Amino acid sequence: MNKEKWSNSSKRSFAYSQSTDTQYEDFGYFCVKCKCHCVFSAEDQKIEYEENQRFIWHKKTLCANCQLQIDALREKDRQFQKRWTMNRKILKTDRQFLCDWLAILEDIPTYGKKSHSDLIATLRKLSYGFV
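Our subject in this report is the structure included herewith. Note that the structure is predicted; figures quoted are calculated from it, not measured.

What to know about the packing of helix 5 (residues 95-107) against helix 6 (residues 117-128)
- Packing of helix 5 against helix 6 leaves a shortest axis separation of 9 Å and a crossing angle of 150 degrees. Classed by the angle they form, the pair helix 5 and helix 6 counts as roughly antiparallel. The element helix 5 and its partner helix 6 pack so that their crossing is left-handed. Residues R95, L98, C99, W101, L102, L105 and E106 of helix 5 form the contact with helix 6, whose own contacting residues are L119, I120, L123, R124, L126 and S127.
- Here the residues of the contact of helix 5 with helix 6 are counted per class, giving nine nonpolar, one polar and three charged.

The following block contains the structure:
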């Protein structure tokens, strides 16, 4: 464990100044989406905290497969947002676009992630206007 490689915010944490831990330890958890048992390995923690600069109290909540799925959903959401920003007037009347984006936004919270409730409500109103 090399605490000097931690992010600046992690260096301001209790773990940096007070912890006597000298190595990472495997951490078992259950995926919030599929409920399978997983391990946040010591090696993965070293990569997350020292190389990727994740905050030291960050803990995994998704298995590798579910993490790939949520990453793909977030990327699709970014693509929809970009299209929306560029063509809002036209896309407000594109029911397929609205329903596809809505499905993605409604799926994200099933992975234990924050819901975009305001945007979901807006898309529901727009898409239901075509029923």
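Here we look at the pairing of strand 1 (residues 27-30)
- Pairing analysis gives four bridges linking strand 1 to strand 2 (residues 37-40), with the strands arranged antiparallel. Within strand 2, the position partnered with G28 by the bridge is V39.
- Linkage of strand 1 to strand 2, two consecutive antiparallel strands, is achieved through a turn of six residues, within which K35 is found at a positive phi near 70 degrees.

Comments concerning a nonpolar patch on the surface
- On the surface, F14, F55 and W57 cluster together into a nonpolar patch covering about 350 Å² of accessible area.
- Of note, F14 is situated in helix 2 (residues 14-18).
- Residue F14 is classed as exposed on the basis of its relative accessible area of 55%.

Observations regarding the pattern of salt bridges
- Counted under the stated rule, the structure contains five salt bridges.
- The salt bridge partner of K33 is D107, with a shortest N-O separation of 3.9 Å. Here K33, found in the loop between strand 1 and strand 2, pairs with D107, found in helix 5; they are 74 residues apart in sequence, far enough to count as distant.
- According to the relative accessible area criterion, K33 is partly exposed, its value standing at 31%.
- Note that E50 and K46 form a salt bridge whose closest N and O atoms lie 2.8 Å from each other.

Notes on the packing of helix 4 (residues 64-91) against helix 5
- At a closest axis distance of 10 Å, the pairing of helix 4 and helix 5 adopts a crossing angle of 145 degrees. For the element pair helix 4 and helix 5, the recorded crossing hand is left-handed. Between helix 4 and helix 5, the contacting residues are L73, K76, D77, F80, Q81, R83, W84 and L91 on the first element and F97, L98, D100, W101, I104, L105 and D107 on the second.

Examining a negative patch on the surface
- A contiguous patch of negative charge, built from D21, E25, D26, E43 and D44, is present on the exposed surface.
- The class of D21 is partly exposed, set by a relative accessible area of 48%.

Structural notes on the nonpolar core
- Grouped together as the largest cluster of nonpolar side chains are 27 residues, with contacts concentrated most on F97 and W101.
- Counting residues per element, the ones that place at least two in this core are strand 2, helix 4, helix 5 and helix 6.
- The residues contacting F97, other than those within four sequence positions of it, are F80, R83, W84 and L91.

Cut-offs and rules
- Residues numbered from 1 in each chain as written.
- Predicted model: local features only at pLDDT ≥ 70, side-chain atom pairs only at ≥ 80, totals over all residues.
- Heavy atoms only, no water.
- Axes fitted to C-alpha atoms, helices over the stretch in contact; angles between N-to-C directions.
- Helix = DSSP H or I, 4+ residues; strand = E, 2+ residues; numbered from the N terminus.
- Parallel < 35°, antiparallel > 145°, perpendicular 65-115°, else oblique.
- Left-handed = near helix turned anticlockwise from the far one by under 90°.
- Contact = heavy atoms within 4.5 Å.
- Nonpolar A, V, L, I, M, F, W, Y, C, P; charged D, E, K, R; others polar.
- Pairing = 2+ DSSP bridges.
- Patch = residues over 30% accessible without salt bridge, like charges linked within 9 Å, V, L, I, M, F, W, Y side chains within 5 Å.
- Areas by Shrake-Rupley, 256 points an atom, 1.4 Å probe, with all protein chains shown as cover.
- Salt bridge = Lys/Arg side-chain N within 4 Å of Asp/Glu carboxyl O.
- Buried < 20%, exposed > 50% of the residue type's maximum accessible area, 1.4 Å probe, protein only.
- Lys, Arg positive; Asp, Glu negative; His and termini not counted.
- Charge placed at Lys NZ, Arg CZ, Asp CG, Glu CD.
- Core = buried A, V, L, I, M, F, W, Y, C linked by side-chain atoms within 4.5 Å.

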